Amino acid sequence: MRVFDLTGEFAGDKDAAASIRDDYIRPALASKKQVTLDFRGVDLATQSFIHALIAGIVRENSDHLESIKFKNCNENVRSLIEIVVEYAQDDFE
């Protein structure tokens, strides 16, 4: 899934994140498939976008992270993903 295709260079729309989560990530995980989120072309994301994208999934089952690959993330996007994953896992425990 190319995130850029739904967000453009700025991934800040929580509705777009929810769409990716509900239409792509959840069905793939339910089918036991690997999920690849390709951030090529995304220059900036908000923490609320990343939260809407993955926090609930991590809270439901932190093992899902093993099936999600984050690809072509710049330093800023990767940092936000790490922050959200960390606090979502803390909530899970």
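Presented here is an overview of the structure given in this document. (Residues numbered from 1 in each chain as written. Predicted model: local features only at pLDDT ≥ 70, side-chain atom pairs only at ≥ 80, totals over all residues. Heavy atoms only, no water.)

1. Structural notes on helix 2 (residues 14-30)
Between the first and last C-alpha of helix 2 there are 22 Å, a value that for 17 residues agrees with the 24 Å anticipated at 1.5 Å per step. Where helix 2 bends most, the angle comes to about 35°, and this point is Arg21. Every buried residue of helix 2 is accounted for by Ala16, Ala17, Ala18, Ile20, Arg21, Ile25, Ala28 and Leu29. Of the surrounding elements, those touching the buried residues of helix 2 are helix 1 (4-7), strand 2 (35-38), helix 3 (47-60) and strand 4 (68-71). By the N-cap criterion, in which a side-chain oxygen at the helix start approaches the backbone nitrogen of a residue two or three places on, helix 2 is capped by Asp13, the distance to Asp15 being 2.8 Å. Following helix 2 by one or two positions, Lys32 adopts a phi angle in the positive range, close to 60°. (Helix = DSSP H or I, 4+ residues; strand = E, 2+ residues; numbered from the N terminus. Expected span 1.5 Å × (residues − 1). Bend = angle between axes of the 7 residues up to and from the residue. Buried < 20%, exposed > 50% of the residue type's maximum accessible area, 1.4 Å probe, protein only. Contact = heavy atoms within 4.5 Å. Polar contact = N/O pair within 3.5 Å; in protein donor to acceptor, adjacent residues only side chain to side chain.)

2. Brief notes about unusual backbone geometry
The phi angle at Lys32 is positive, at roughly 60°, despite the residue not being glycine. Among the residues examined, Lys32 registers a relative accessible area of 76% and is labelled exposed.

3. A look at the nonpolar core
In terms of nonpolar packing, the biggest core is built from 31 residues, with Ile25, Leu37, Phe39, Phe49, Ile50, Leu53 and Ile81 touching the most fellow members. Secondary-structure elements contributing two or more residues to this core are helix 2, strand 2, helix 3, strand 4 and helix 4 (75-92). Setting aside anything within four residues of it in sequence, one finds Leu37 in contact with Met1, Val3, Ile20, Tyr24, Ile25, Leu53, Ile68, Lys69, Phe70 and Lys71. (Core = buried A, V, L, I, M, F, W, Y, C linked by side-chain atoms within 4.5 Å.)

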